[in-house]
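The primary structure of each chain is shown beneath.
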Amino acid sequence: MTDRPLLYNAAYGPLNLAALRNAPCQMSLGERLFLYSLVYASRPAHYCEIGTAQGGSALIAQSALFDVGNHDARMSLIDIRFDLDKPALQMLERRAVFHEGPSTQMLPEAAKAAPIDFLLIDGDHTHEGALRDIEMAAGLVASGAHVLIHDAYNPPIAAAIARAASDPAWIDVGLVVRHGNDLNDAPLEDGPWKGQPNIWGGMHYLRRR
């Protein structure tokens, strides 16, 4: 993230908004808009995400970086196994570094290359996995970094966010995108969330102090 003011009038320049509609990711339009807008407005120097899958969120972030003229920004994409088609790979490989493997190994590796000032967490969708990624991020992202956690409505992930956000390292901005979905009508069957609706979606926002 840079503190330098944006001195040219990018607000009226051409915007590459096709990715907001067409990017292959399980995000609502509100989530896509928020991700694009926050990347565009904050101009991170090192965008990183855990859970790239087909590359949809990365394509949205890359579009925002390009549209705001932040051509020198670094992108680090982490997934246990990427599932990118050829067009997505061709669009992303010009800027991004792909880290294939578990986030416990790949996030520290990405942070070694340059301070991470924007992190999207959308990887291991279990309570333990989400908690681990948020807690790990607290020690690896830069001061002032923006951290978004997707699927914040899912009860196990919501519990992980609440637990991790109690760490004084974080400023808890809260649930900033209130778009949920019920991809699975069956209630949760395990753990302390048994019987609760299996809702997904939602975006929670933390800032590193």
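Because the structure is a prediction, the values reported are computed rather than measured. (Residues numbered from 1 in each chain as written. Predicted model: local features only at pLDDT ≥ 70, side-chain atom pairs only at ≥ 80, totals over all residues. Heavy atoms only, no water.)

What should I look at first to understand the overall build of the protein chain in this one?
Each helix and strand in the protein chain was counted, giving seven helices and seven strands. Secondary structure elements in the protein chain, listed N-terminal to C-terminal, are α-α-β-α-β-α-β-α-β-α-β-α-β-β. Principal axes of the C-alpha set define a box for the protein chain whose edges measure 50 × 35 × 30 Å. Split into buried and exposed, the 209 residues of the protein chain put 50% on the buried side. Carbon and sulfur atoms make up 53% of the accessible area of the protein chain, which amounts to about 10200 Å² in all. Here the protein chain holds 17 positive side-chain charges and 24 negative ones, and the gap between their average locations is 7 Å. (Helix = DSSP H or I, 4+ residues; strand = E, 2+ residues; numbered from the N terminus. Buried < 20%, exposed > 50% of the residue type's maximum accessible area, 1.4 Å probe, protein only. Areas by Shrake-Rupley, 256 points an atom, 1.4 Å probe, with all protein chains shown as cover. Lys, Arg positive; Asp, Glu negative; His and termini not counted. Charge placed at Lys NZ, Arg CZ, Asp CG, Glu CD.)

Quick question: what am I supposed to make of unusual backbone geometry here?
Trans peptide bonds make up the majority, and among non-glycine residues the majority have a negative phi. For R43, which is not a glycine, the phi torsion comes out positive at approximately 50°. Considering the arrangement of structural elements, one finds R43 in the loop between α2 (29-42) and β1 (46-50).

What exactly am I supposed to notice about the environment of R132 here?
Tracing the sequence through the fold places R132 in helix α6 (residues 127-138). With relative accessibility at 32%, the residue R132 sits in the partly exposed group. Separated by 28 residues in the primary sequence, R132 and A160 place their C-alpha atoms 8.6 Å from one another. Apart from residues no more than four positions distant in its own chain, R132 is found in contact with S103, T104 and D124. (Contact = heavy atoms within 4.5 Å.)

Would you mind going over the packing of aromatic side chains with me for this structure?
Think of a pair of aromatic rings as described by two things: how far the centres are apart, and how the planes are tilted against each other in angle. In total, this model carries four aromatic pairs according to the counting rule given. Ring centres of F34 and Y205 lie 6.1 Å apart, and the angle between their planes is 70°; this geometry places the pair in the edge-to-face category. Here the residue F34 occupies a position in helix α2, and Y205 occupies one in strand β7 (residues 200-208), the gap between them amounting to 171 residues. Judged by its relative accessible area of 23%, F34 is partly exposed. Geometrically, the ring pair formed by Y36 and Y40 is stacked, given 5.9 Å between the ring centres and 25° between the ring planes. (Phe/Tyr/Trp six-rings, centres within 6.5 Å; stacked < 30°, edge-to-face > 60°.)

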